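Descriptive analysis of the structure
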Amino acid sequence: MPLALLALAVGAFGIGTTEFVMMGLLPDVADDLHISIPTAGHLVSAYALGVVIGAPLLAAATARMSRRKVLIALMGLFVAGNALSAFAPDYHWLLAARFLSGLPHGAFFGVGAVVATNLVAPERKARSVSLMFLGLTVANVAGVPVATLMGQHLGWRATFLGVSAIGVAAIASLALLIPRDHAHAPAGGLRGELAALRSLPVWLALGTTVAGFGALFSAYSYITPMLTESAGYADGSVTLLLALFGVGATAGNLVGGRLADHSLRGTLFGGLLSLVAVLALFPVLMATQWSAAVAVTLLGVAAFITGSPLQLMVMEKASAAPSLASSANQAAFNLANAGGAWIGGLALAAGFGATSPALAGAVLAVLGLVVAAIAYGVDRRRAGAVAGGVVAGGSGRLVATHVPSHAERVRR
């Protein structure tokens with residue numbers, strides 16, 4: 001695997017850290033800015049909104065630019081957003097800075113996935129995407145806990161300055177390691193990129209992302225009350241258990257990338273089936289502390305097995321112009337974050353118990369399987385129609401074959 005993938009992983013590490021660290025810093029930010037914790041929670045939503053809006057807009061706006069330059073520019077915007085967060089004088093400035101920080105998120109992963117697959121042989125495409133995503137999953141294991149501790153001991157502003165430094169390191173890595181010959185702009189430009197979104201298979205792949213990762217966030221958004229109320233863990237143990245989720249996500253991401261290079265569709269179906277099983281077993285697994293720890297780890301594994309296959313599938317369905325569709329998949333991921341948390345919250349509000357969000361997630365994972373099956377059926381039908389057209393076209397014509405004369409054969 002080329003070293004250029006390391007540069008993409010560094011950028012992903014910084015993005016993953018800033019996305020999730022705010023959740024651990026909410027009390028500190030609320031206390032410093034004299035706002036309530038629910039109001040501070042809007043800072044998480046502002047980032048997610050930036051991702052959803054920025055992913056398609058920035059990918060479309062930069063469609064004719066060199067992908068290498070786009071990645072560097074997006075990381076520059078990331079650094080600016082986090083630096084402004086560190087120096088925000090009040091809540092409203094911080095809200096705007098968090099929105100700005102989220103804008104480059106989806107486009108970076110979308111364009112980065114296209115660059116990553118262009119750097120390797122076709123049989124290693126899924127692994128290349130998984131190695132870029134490795135930065136995101138490792139951020140949950142190391143980046144977020146370290147950044148949270150930094151914020152608690154040095155102040156939350158120091159955290160965002162630290163994340164800005166990671167962004168600067170990513171810019172240097174991208175400039176040094178991304179080869180210019182693998183980062184050219186797509187020939188189709190903006191029109192070709194927009195045309196990719198008119199494809200039914202692309203929308204079915206995006207729908208699978210929303211349902212599949214909505215299943216994850218339906219449970220993960222309420223993992224703390226599950227661990228404390230059902231499994232009996234103390235509040236102070238939750239951080240360590242969330243690190244186990246990050247370990248599982250890292251393992252699932254690497255395994256999914258390797259398996260998807262052998263069978264993209266098989267890995268996707270297997271990952272979704274595993275997610276259904278894990279979520280359905282949550283009420284049982286949350287009964288004891290040791291099995292709850294296993295459940296959290298398995299949740300990370302099952303969910304992130306599907307990450308690379310889904311990203312690669314969207315890119316393949318929009319192979320003529322993959323950057324916008326690939327970025328749209330990141331927007332779909334964040335829609336899944338918001339939608340899954342909302343559905344899990346409905347289950348809790350209805351009084352179905354602390355583990356009910358996991359069961360709601362299992363239903364969403366089944367929906368993801370249904371959408372993936374429909375996508376498979378559409379692909380089969382289209383492939384059959386193309387094959388039938390070729391056979392019909394070939395059988396309806398007599399092709400005249402020129403037989404060379406003896407003199408022609410002598411000249412040859």
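Keep in mind that this is a model prediction, so the values were computed, not measured. (Residues numbered from 1 in each chain as written. Predicted model: local features only at pLDDT ≥ 70, side-chain atom pairs only at ≥ 80, totals over all residues. Heavy atoms only, no water.)

**So, the overall build of the protein chain**
What counts, and what does not: A helix here means a DSSP run of H or I that spans at least four residues, while a strand means a run of E at least two residues long, and both kinds are numbered starting from the N terminus. Note on exposure labels: buried denotes an accessible area under 20% of the residue type's maximum, exposed denotes more than 50%, and partly exposed covers the range between, all computed with a 1.4 Å probe on protein chains only. Contacts are assigned to residue pairs with any non-hydrogen atoms lying within 4.5 Å of each other. Accessible areas in this description were obtained via Shrake-Rupley with a 1.4 Å probe; residue shielding takes into account the shown protein chains only.
The number of helices and strands found in the protein chain is 18 helices and 0 strands. For the protein chain, with 412 residues in total, the buried portion stands at 52%. Contacts in the protein chain between residues at least 24 apart in sequence constitute 84% of all its contacts with a sequence separation of at least 6. Put simply, the protein chain shows about 17,600 Å² of open surface, and 70% of that area lies on carbon and sulfur atoms.

**Considering the packing of aromatic side chains**
The test is simple: Any two of the Phe, Tyr and Trp rings considered here, Trp counted by its six-membered ring, make a pair once their centres fall within 6.5 Å; the pair's planes then place it as stacked at under 30 degrees, edge-to-face at over 60, or tilted in between.
In the structure shown here, the tally under the stated rule is 8 aromatic pairs. A centroid spacing of 5.6 Å and a plane angle of 45° characterise the contact between Phe 109 and Phe 133, whose relative ring orientation is tilted. With Phe 109 in helix α5 (residues 91-118) and Phe 133 in helix α6 (residues 125-154), this residue pair connects regions lying 24 residues apart in the sequence. The rings of Phe 213, Phe 217, Tyr 220, Phe 245, Phe 304 and Phe 333 are connected pair by pair, giving a single aromatic cluster.

**With respect to the pattern of salt bridges**
Selection criterion: Every case where a carboxyl oxygen of Asp or Glu lies within 4 Å of a side-chain nitrogen of Lys or Arg is listed as a salt bridge.
All told, the structure shown has 4 salt bridges when counted by the stated rule. With a shortest N-O distance of 3.8 Å, Arg 157 and Asp 32 are connected by a salt bridge. One end of the pair, Arg 157, is in helix α7 (residues 156-177); the other, Asp 32, is in helix α1 (residues 4-33), and 125 residues separate them in sequence. In this structure, Asp 379 engages Lys 317 in a salt bridge whose closest nitrogen and oxygen atoms are separated by 2.6 Å. Residue Asp 379 is found in helix α17 (residues 356-395), and its partner Lys 317 is found in helix α15 (residues 307-317); the two are separated by 62 residues along the sequence.

**A look at the side chain of Ser 326**
To be explicit about the condition: Counting of polar contacts relies on pairs of N or O atoms within 3.5 Å, with two restrictions inside protein: one atom must be capable of donating a hydrogen and the other of accepting it, and residues adjacent in sequence are counted only when both atoms are side-chain atoms.
Topologically, Ser 326 is positioned in helix α16 (residues 322-349). Looking at Ser 326, its side chain comes within polar contact range of the side chain of Gln 311, at 2.5 Å. In this view, Ser 326 contacts Phe 109, Gly 110, Ala 113, Val 114, Gln 311, Val 314 and Met 315; residues no more than four positions away in its chain are not counted.

**Describing unusual backbone geometry**
For residues other than glycine, phi is negative in most cases, and the peptide bonds are mostly trans. The backbone of His 34 shows a phi angle near 60°, a positive value even though the residue is not glycine. Here His 34 lies in the loop between α1 and α2 (37-40).

**Some thoughts on the confidence of the model for the protein chain**
Keep in mind that low pLDDT regions are not for reading the predicted coordinates in detail. Using the following cut-off: The predictor attaches a confidence to each residue, called pLDDT, with possible values from 0 through 100.
Averaged over all residues, the pLDDT of the protein chain equals 84, while 88% of them reach at least 70. Across the protein chain, element-level confidence peaks in helix α12 (residues 264-280) with a mean pLDDT of 94 and bottoms out in helix α18 (residues 406-411) with 40. Counted against residues more than four places away or in other chains, residues 395-412, with its pLDDT under 50, gives 4 contacts.

**As for a nonpolar patch on the surface**
Our working rule: Here, patches come from residues exposed beyond 30% relative accessible area and free of salt bridges, joined within 9 Å for like charges and within 5 Å for nonpolar side chains (Val, Leu, Ile, Met, Phe, Trp, Tyr).
On the surface, a nonpolar cluster with roughly 320 Å² of combined accessible area is contributed by Val 366, Leu 367, Val 370 and Ile 374. Looking at where Val 366 falls in the secondary structure, it is placed in helix α17. Residue Val 366 is classed as partly exposed on the basis of its relative accessible area of 40%.

**Overview of α7**
Formally: Working rule for helices: expected span equals 1.5 Å times residues minus one.
Taking 1.5 Å per residue, 22 residues should reach 32 Å; α7 reaches 32 Å between its end C-alpha atoms and fits that length. Residues Trp 156, Ala 158, Thr 159, Phe 160, Val 163, Ser 164, Gly 167, Ala 170, Ser 173 and Leu 174 constitute the buried set of α7. Along its buried surface, α7 packs onto α1, α4 (67-86), α5 and α6.

**Section: the packing of α1 against α4**
Basically, it comes down to this: Note on method: axes are straight lines fitted to C-alpha atoms, helices fitted across the in-contact stretch only, with angles between N-to-C directions ranging 0 to 180 degrees. Our angle categories are set so that under 35 degrees counts as roughly parallel, over 145 as roughly antiparallel, 65 to 115 as roughly perpendicular, and the remainder as oblique. Each crossing gets its handedness from the near helix: less than a right angle anticlockwise from the far helix is left-handed, clockwise is right-handed.
Look at α1 against α4: their axes get within 12 Å of each other, and the N-to-C directions meet at 30°. One finds that α1 runs roughly parallel with respect to α4. The interaxial crossing formed by α1 with α4 has left-handed handedness. Here Leu 8, Gly 11, Gly 14, Ile 15 and Thr 18 of α1 come into contact with α4, specifically with Leu 71, Met 75, Phe 78 and Asn 82.

**Overview of the nonpolar core**
The nonpolar side chains of a soluble globular protein tend to be buried with one another. Applied cut-off: Note on terminology: a nonpolar core comprises buried Ala, Val, Leu, Ile, Met, Phe, Trp, Tyr and Cys residues joined through side-chain atoms within 4.5 Å.
Counting 53 residues, the largest nonpolar core has Leu 216, Phe 282 and Met 286 as the members making the most contacts within it. Broken down by element, the residue count for this core peaks at 9 residues, all from helix α9 (residues 200-220). Ignoring sequence-local partners within four residues, the contact set of Leu 216 consists of Phe 245, Leu 299, Ala 303 and Phe 304. Ranked by size, the runner-up nonpolar core spans 35 residues in total, among them Ala 107, Val 114, Val 115 and Ala 116.

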